[in-house]
Amino acid sequence: MVNKIHKTAIVGELVKIGKNVDIGPYAVIDGQVTLGDDVVIGAHCVVEGHTTIGNGCQLYTGAVIGSPPQDRKHQKKDKVFLSIGVNNVFREYVTVNPGTIEGGGTTSIGDNNLFMACAHVAHDCQIGHDCVLANYVGLSGHVIIEDRAVIGGLSGVHQYARVGYLSMIGGCSKVNQDVAPFSLVDGNPATFRGLNIVGLKRADVPSENQVALHRAFKILFNSGLNRSHAVLQVKEQLNGVPEIHQLLEFIQLSKRGIS
């Protein structure tokens, strides 16, 4: 299949391009960039650095992918990377930075994610699959976003924070602690508001497991027990539910505390 590269686009000599790639007007693709099959690069986009973009990704007007990390410790000679999976959508003016030497060197993004207009993914972030970052979401450095998480518009996530599986963050939230899997948080600072019921239903989590999660969160957040005792009580009462195991493992690994 023939690639379609606009005559005004600039493509560097080291760029590797797959099949059926569409590069729009005034786009700049330079550096050690690899574009998979069926990638679409919109007008005025910039892709640079050691960046790999998987099959079927779409970049809309003005997206800047792979520009140097916004970290004062970063030096031009540092060899750092950005790895992007398949079928991701980066809407207008989204920015994504590679990793830093201090953070392991790589920012990674999984598959089937949607980054709405003007969202920012900072250095060393690790994003899973099927996530949604709404307009103007800002991820600070070293943030981990687990699969199927949704972050509402104008929200900011503190560096080193983790956002758990199938969780949802309300718009305009300030996330300065970890967000537990399956939870709904909102506010400034973001606090626990309940289960992500809509997400659980869409993920076909059995109703009895949803009930177990509700009981677990009640113990964890409303019982007055400290974290270790609350976790122990949940283990004793709700052992054997996969979602409970996933929740407790996330909480026990938390370094910033749970929202």
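Refer to the preceding data block for the structure.
These remarks concern the structure in this document. The written sequence of each chain sets the order in which its residues are numbered from 1. For this predicted model, a pLDDT threshold of at least 70 governs which residues receive local features, and a threshold of 80 or more governs which side-chain atom pairs are given and counted, while totals over whole chains, interfaces and linings are taken from all residues. Side-chain metrics in this entry use all non-hydrogen atoms of the structure; hydrogen atoms and water are not considered.

1. Some thoughts on the overall build of the protein
The condition is simple: Numbering of helices and strands runs from the N terminus, with a helix taken as a DSSP run of H or I at least four residues long and a strand as a DSSP run of E at least two residues long. Burial here depends on accessible area, computed with a 1.4 Å probe over protein chains only, as a share of the maximum for the residue type. Under 20% is buried, over 50% is exposed, and the range in between is partly exposed. The contact rule is simple, with two residues in contact once any of their heavy atoms fall within 4.5 Å. Calculation of accessible area relied on Shrake-Rupley with a 1.4 Å probe; when residues are assessed, cover is drawn exclusively from the protein chains displayed. Charged-residue counts in this description rest on Lys and Arg as positive and Asp and Glu as negative, His and the chain ends being excluded. Where a charge lies is defined by one atom per residue type: Lys uses NZ, Arg uses CZ, Asp uses CG and Glu uses CD.
Along the backbone of the protein there are four helices and 28 strands. When its C-alpha atoms are laid out on the principal axes, the protein stretches across 65 × 40 × 30 Å. For the protein, buried positions account for 48% of its 259 residues. Long-range contacts, defined as pairs at least 24 residues apart, comprise 30% of the intrachain contacts of the protein with a sequence gap of at least 6. Approximately 12,500 Å² of the protein is accessible, and the part contributed by carbon and sulfur atoms is 52%. Where the 22 positive side-chain charges of the protein centre and where its 22 negative ones centre are 5 Å apart.

2. What about helix H4 (residues 242-252)?
Here is the rule we go by: This arc is built from the directions going out from the helix axis to the C-beta atoms.
All of the buried residues in H4 are Glu 243, Ile 244, Leu 247, Leu 248, Phe 250 and Ile 251. With its buried residues spanning 160° around the axis, H4 presents them on a single face. Opposite the buried face of H4, by more than 90 degrees, sit the exposed residues Pro 242 and His 245. Its buried side turned inward, H4 meets strand S24 (162-163), helix H2 (207-222) and helix H3 (227-238).

3. Observations concerning the environment of Asp 186
Within the fold, Asp 186 resides in strand S27 (residues 183-186). We classify Asp 186 as partly exposed; its relative accessible area is 28%. Linking Asp 186 and Ser 173, residues 13 residues apart in sequence, is a C-alpha distance of 5.6 Å. Those residues within four positions of Asp 186 in sequence are excluded, and the remaining contacts are Gly 170, Gly 171, Ser 173, Thr 191 and Arg 193.

4. Here's the deal with the environment of Val 132
Considering the arrangement of structural elements, one finds Val 132 in strand S19 (residues 132-133). Expressed as a C-alpha distance, the spacing of Val 132 and Ala 180, which sit 48 residues apart in the sequence, is 17 Å. Excluding its chain neighbours within four sequence positions, the residues that come into contact with Val 132 are Leu 114, Met 116, Ala 149, Val 150 and Ile 151.

5. Quick notes on the packing of H2 against H3
Relative placement of two packed helices is described by the angle separating their axes and the distance separating the axes. The cut-off we apply is this: Axis definition: a line fit to C-alpha positions, over the contact stretch in the case of helices; interaxial angles, taken between N-to-C directions, run 0 to 180 degrees. When describing relative orientation, an angle under 35 degrees is termed roughly parallel and one over 145 degrees roughly antiparallel, while 65 to 115 degrees is termed roughly perpendicular and anything else oblique. Two helices crossing with the near one rotated counterclockwise from the far one by less than a right angle form a left-handed crossing, whereas a clockwise rotation gives a right-handed crossing. Residues are grouped as follows: nonpolar covers Ala, Val, Leu, Ile, Met, Phe, Trp, Tyr, Cys and Pro; charged covers Asp, Glu, Lys and Arg; every other residue, Gly included, is treated as polar.
Packing of H2 against H3 leaves a shortest axis separation of 9 Å and a crossing angle of 155°. Regarding the angle of H2 to H3, the classification is roughly antiparallel. Remark: the crossing between H2 and H3 carries right-handed chirality. Here Ala 212, Arg 215, Ala 216, Ile 219 and Leu 220 of H2 lie close against H3, whose contacting residues are Ala 230, Val 231, Gln 233, Val 234, Gln 237 and Leu 238. Residue classes in the contact of H2 with H3 are distributed as eight nonpolar, two polar and one charged.

6. Quick look at the nonpolar core
What tends to happen in soluble globular proteins is that the nonpolar side chains get buried as a cluster. Operational definition: Buried Ala, Val, Leu, Ile, Met, Phe, Trp, Tyr and Cys residues that are joined via side-chain atoms within 4.5 Å together make up what is termed a nonpolar core.
If you look at the biggest cluster of nonpolar residues, it comprises 44 residues, and the most contacted ones within it are Ile 41, Ile 53, Leu 59, Ile 65, Phe 90, Leu 139 and Ile 145. Among the nonpolar cores identified, the runner-up in size contains 24 residues, and Phe 182, Ala 212, Leu 213 and Ile 219 belong to it.

7. Some words on the sheet that holds strand S18 (residues 126-127)
Selection rule: We call two strands paired when DSSP finds no fewer than two bridges between them.
Spatially, the eight strands line up as an open sheet ordered S3-S6-S9-S12-S15-S18-S21-S24, and their pairing is parallel. At either end of the open sheet lies a strand with only one pairing partner, and these are strand S3 (16-17) and S24. The pairing of S18 with strand S21 (residues 144-145) spans two bridges and is classified as parallel. Its bridge partner being in S21, Ile 127 is matched across the sheet by Ile 145.

8. Concerning the sheet that holds strand S11 (residues 64-65)
The strand order across the open sheet formed by nine strands is S2-S5-S8-S11-S14-S17-S20-S23-S26, and the pairing between neighbours is parallel. Looking at which strands have only one partner, the edges of the open sheet turn out to be strand S2 (10-11) and strand S26 (174-175). The pairing of strand S8 (residues 46-47) with S11 spans two bridges and is parallel. Bridge assignment links Val 47 to a residue of S11, and that residue is Ile 65.

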